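Residue-level structure breakdown
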Amino acid sequence: MAVAVADGQAEKESDSPAPALAVPLQDFVTHLSSERRQAVETCRNYERDVRRLAKYVQREGHAGWADLHGSDLRRYVAELSRAGLGGRSIARHLSAIRRFYDYLLREKIVRDNPALDIRAPKAGRRLPAVADVDQINHLLDAKPEDPLEVRDRAMFELLYSSGLRLAELVGLNLSSLDMRGAEVRVLGKGSRERVLPVGRKALLSLQDWLGVRPALAGEAEPALFVSQRGGRLGPRSVQLRLSRWGLLKGADQRLYPHLMRHSFASHLLESSGDLRAVQELLGHADIATTQIYTHLDFQHLAQVYDESHPRARRRGRPATGNRGGGAADDA
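Attention in this report is confined to the structure presented alongside it. None of the values given here were measured: they were computed from a predicted structure.

Rules and cut-offs
- Residues numbered from 1 in each chain as written.
- Predicted model: local features only at pLDDT ≥ 70, side-chain atom pairs only at ≥ 80, totals over all residues.
- Heavy atoms only, no water.
- Helix = DSSP H or I, 4+ residues; strand = E, 2+ residues; numbered from the N terminus.
- Buried < 20%, exposed > 50% of the residue type's maximum accessible area, 1.4 Å probe, protein only.
- Phe/Tyr/Trp six-rings, centres within 6.5 Å; stacked < 30°, edge-to-face > 60°.
- Pairing = 2+ DSSP bridges.
- Expected span 1.5 Å × (residues − 1).
- Polar contact = N/O pair within 3.5 Å; in protein donor to acceptor, adjacent residues only side chain to side chain.
- Contact = heavy atoms within 4.5 Å.
- Lys, Arg positive; Asp, Glu negative; His and termini not counted.
- Salt bridge = Lys/Arg side-chain N within 4 Å of Asp/Glu carboxyl O.
- Core = buried A, V, L, I, M, F, W, Y, C linked by side-chain atoms within 4.5 Å.

Turning to unusual backbone geometry, a few remarks are in order. A positive phi angle is found at Arg37, which is not glycine, with a value near 55°. Relative to the elements of secondary structure, Arg37 occurs in the loop between helix H1 (19-35) and helix H2 (40-59). On the accessibility criterion, Arg37 (68% relative accessible area) is exposed. With phi around 60°, Lys108 is a residue other than glycine that occupies positive phi space. Positionally, Lys108 belongs in the loop between helix H4 (87-106) and helix H5 (133-141). What makes Lys108 exposed here is its relative accessible area of 72%.

This next bit is on the packing of aromatic side chains. Counted under the stated rule, the structure contains 9 aromatic pairs. For the ring pair Phe28 and Phe100, a centre distance of 5.2 Å and an interplane angle of 65° mean the geometry is edge-to-face. Of this pair, Phe28 sits in helix H1 while Phe100 sits in helix H4, and the two are 72 residues apart along the sequence. For the residue pair Phe28 and Phe100, the accessibility class agrees, reading buried in each case. Here a set of aromatic residues connected by ring pairs shows up, and it is made of Phe28, Tyr46, Trp65, Phe100, Tyr101 and Tyr103.

Attention shifts here to the pairing of strand S2 (residues 183-187). Residues Val184 and Val186 point to one face of S2 and are all buried, whereas Glu183, Arg185 and Leu187, pointing to the other face, are not buried. Bridging between strand S1 (residues 177-178) and S2 involves 2 bridges; their strand directions are antiparallel. Paired with Leu177 across the bridge in S2 is Val184. Connecting S1 to the antiparallel partner S2 that follows it, the hairpin turn spans 4 residues, and Ala182 within it adopts a positive phi of roughly 55°. As paired strands, S2 and strand S3 (residues 193-197) are joined by 5 bridges and run antiparallel to one another. When the sheet's bridge partners are listed, Val186 is paired in S3 with Arg194.

Attention now goes to helix H6 (residues 147-162). Here H6 spans 23 Å end to end across 16 residues, near enough to the 22 Å set by a 1.5 Å rise per residue. Among the 16 residues of H6, 14 are classified as buried, and the element is accordingly described as predominantly covered. The N-capping residue of H6, defined by a side-chain oxygen 3.0 Å from the backbone nitrogen of Leu148, is Asp146. Immediately beyond the C-terminal end of H6, within one or two residues, lies Gly163, with a positive phi of roughly 70°.

Locating Pro235 in the fold gives a position in helix H9 (residues 235-249). In this structure the C-alpha to C-alpha distance between Pro235 and Ala167, which are 68 residues apart in sequence, comes to 6.8 Å. Not counting the four nearest positions on each side in its chain, Pro235 is found in contact with Leu166 and Val170.

To continue, consider the pairing of S3. Burial of S3 is one-sided: the residues Arg194 and Leu196 facing one way are buried, the residues Glu193, Val195 and Pro197 facing the other way are not. With antiparallel pairing between neighbouring strands as the criterion, S2 and S3 make up a hairpin whose turn holds 5 residues, including Gly190 at a positive phi of roughly 65°.

Another aspect to go through is the side chain of Glu157. You can see Glu157 is positioned in helix H6. Within the buried core, Glu157 has no salt-bridge partner, and the shortest N-O distance to an opposite charge, that of Arg153, equals 5.4 Å. Residues within four places of Glu157 in sequence aside, it is in contact with Leu140, Lys201, Ala202 and Ser205.

Our next topic: the nonpolar core. Counting residues in hydrophobic clusters, the biggest one holds 45 residues, and the most contacted among them are Leu169, Leu172 and Phe225. Mapped by element, the contributors of at least two residues to this core are H5, H6, helix H7 (166-170), S2, helix H8 (200-212), H9, helix H10 (257-272) and helix H11 (275-282). Apart from residues no more than four positions distant in its own chain, Phe225 is found in contact with Arg151, Ala154, Met155, Leu158, Leu169, Leu172, Leu206, Trp209, Gly231, Arg232 and Leu233. If you look at the next biggest cluster of nonpolar residues, it comprises 29 residues, including Tyr56, Leu80, Ile97 and Ile118.

Shown next, in the form of structure tokens:
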């Protein structure tokens, strides 16, 4: 199966790799699609990354994939870095190349995998964005104006109240929700099930939604959140509705589902300091994944310190002296 390049535009003939490079690549994509049952988008990503390498191999004068060595790949990684790709993007490229060469080894086209010992440059740790508590309250306190907005507010309250992933939210059924016990049962990554508490405000919003849901959904529809047509709401629709809600209600940053989850985790950790509890609520298998929120908490504390401590003037900010006129700075 030939898969189109990521941007959907046909490449020029002059840019196409020679048959000795292109044919094994297309066979690899077919292998991913038909034998490995990989998603179409996954196949596109692999093809795009390996095709970029193929252009480099051809430009360097190599006749085929077997001519590529580790030293060639190190130069290729340096070229990607000079082109502005970050560590994560280069790591993704190398992962695709390793898998491609594993396939070539299986087909006896090459004798070794030159990408095995190549590592991407270390990527800087990106901290997730969070929304301010006051902004969250302002957005969730806004009154819905129609049944779909009643649904939207219930979804967004639940995302923030219980820290759900987007896939967990759209996968909820009516049976997942225990209004009396103020709990929701979700199926997370790795098919791990967990039971999460639901806050008072979220329960009130869910009660409002359950009151109007029958007008949209049929009796046989199990999904908790349904579309205007009555079927289960999809992930993309949730993303678009949350973005729309932010625009209409005056958010000062772009809203998206994972922002609500990040905000839930950061605000809870900031108030409780209980990293293990936050790990359980988020459904993280490894506490190291949860520890990124301790960096967010420290970032907030550092900002408060920088703005408030008399001996921590920010660069370019003039000293104001102490209000009492004495030597308080020396205390």
